Structures are given as structure tokens and as C-alpha cells.
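# Working through the structure, step by step
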Amino acid sequence: MKSFLSLAGLSLAIALVAFTVVADDKAKDVTLKGKILCAKCNLKQTSECTTAIQVKEGDKLATYLFDDKGAGEEYHEPICGGSEKEGTVTGAVEERNGKKYIKPTKVEYAQK
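All of these numbers come straight from a predicted model, not from anything done at the bench.

This next bit is on the pairing of strand 2 (residues 51-57). Summarising burial for strand 2: five of the seven residues are buried, a large majority. Note that strand 1 (residues 29-38) and strand 2 share four bridges and pair antiparallel. Bridging from a neighbouring strand, L37 pairs with A52 of strand 2. Where strand 2 and strand 3 (residues 60-66) come together, six bridges link them in antiparallel fashion. Looking across to strand 3, one finds that Q54 is bridged to T63. Hairpin geometry of strand 2 and strand 3 is characterised by an intervening segment of two residues between the two adjacent antiparallel strands and by a positive phi of about 70° at G58.

Here we take up the packing of aromatic side chains. Tallied over the full model, the rule gives zero aromatic pairs. Over the ring of Y101 we find R96, and its NZ or CZ is 4.0 Å from the ring centre.

On to the sheet that holds strand 1, then. Overall, mixed pairing links the five strands, which are arranged 1-2-3-5-4 in a closed barrel. Across the sheet, the mean angle from the axis of one strand to that of its neighbour is 55°, orientation sign disregarded. Sheet topology note: the strand 4 (residues 84-96)/strand 5 (residues 99-109) ladder contains 10 bridges and is antiparallel. Counterpart to A92 in the pairing with strand 5 is K103.

Here the structure, examined in full by the defined rule, presents five salt bridges. In this structure, R96 engages E94 in a salt bridge whose closest nitrogen and oxygen atoms are separated by 3.2 Å. Classification of E94 by relative accessible area gives partly exposed; the value is 34%. Salt-bridge contacts for E108 lead to K106; the nearest nitrogen and oxygen are separated by 3.7 Å. By relative accessible area, which is 40% here, E108 ends up partly exposed. By relative accessible area, K106 is classed as partly exposed at 44%. Salt bridges linked by common partners bring D67, E94 and R96 together as one network.

Time to look at the pairing of strand 4. Summarising the sheet, strand 1 and strand 4 pair through nine bridges and their orientation is antiparallel. Across the sheet, I36 pairs through a bridge with K85, a residue of strand 4. In this antiparallel pair of consecutive strands, strand 4 and strand 5, the connection spans two residues, and N97 shows a positive phi of 50°.

Criteria and thresholds
- Residues numbered from 1 in each chain as written.
- Predicted model: local features only at pLDDT ≥ 70, side-chain atom pairs only at ≥ 80, totals over all residues.
- Heavy atoms only, no water.
- Buried < 20%, exposed > 50% of the residue type's maximum accessible area, 1.4 Å probe, protein only.
- Helix = DSSP H or I, 4+ residues; strand = E, 2+ residues; numbered from the N terminus.
- Pairing = 2+ DSSP bridges.
- Phe/Tyr/Trp six-rings, centres within 6.5 Å; stacked < 30°, edge-to-face > 60°.
- Lys NZ or Arg CZ within 6 Å of the ring centre and 35° of its normal.
- Axes fitted to C-alpha atoms, helices over the stretch in contact; angles between N-to-C directions.
- Salt bridge = Lys/Arg side-chain N within 4 Å of Asp/Glu carboxyl O.

The structure is reproduced here in C-alpha cells:
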């Protein structure tokens, strides 16, 4: 019985450590560099105008939708209607329902 309780306690401790590491990893900000564009106007991926960034990941092009809940008007205006601009986005990345999202903390368009 003692060994069972010890094993159960050890398993719980490992699970808690793993959960903490995963939670900390998700909270880290990343910087993505690529084309910032409208997911509705340019990509036809959403029913409403949504800012997105496309980045090269290996040989593929990955699209990250901005998860900004209405605060993105300042980011969206320069690219809505079919325009696209090179830029960088910094924020926390998350995947939901097979789509990639970034919660932007900083958005910069490249100067030409």
C-alpha cells in the first residue's frame, strides 16, 4: 500500500510539473515576420474582416489570425480591402479548432 501511495504521489507531482511547464510555454510571446493582410478580403478564410499574418514555416505558408477582440482596428485599417504589408507581430500564439491565433501585443509595418 505504501508503494502504491508513493507511486501515486510521484505521478501527481510529475503531472503538476508538466502542466506548469506547458502553461509557462504557452504564455511566452513570439515574434512573427511576414505579410499582414485581411483574412476575409485577401484569403477568403473568415466571414468578417480579421487581421492575419502569413509566415513561412519550413516549406509551408502558415496563417495566424489576430485574436484581438475588436482592438485591432488600428492594425486592420492599412490592409483592409485587399492590401497587404510586410511586418512583424509580437504576441502569444495559440491553436484552436485547427487554426492558429496570435494575441498581438505589438504590430509593426515595415517601412518602405
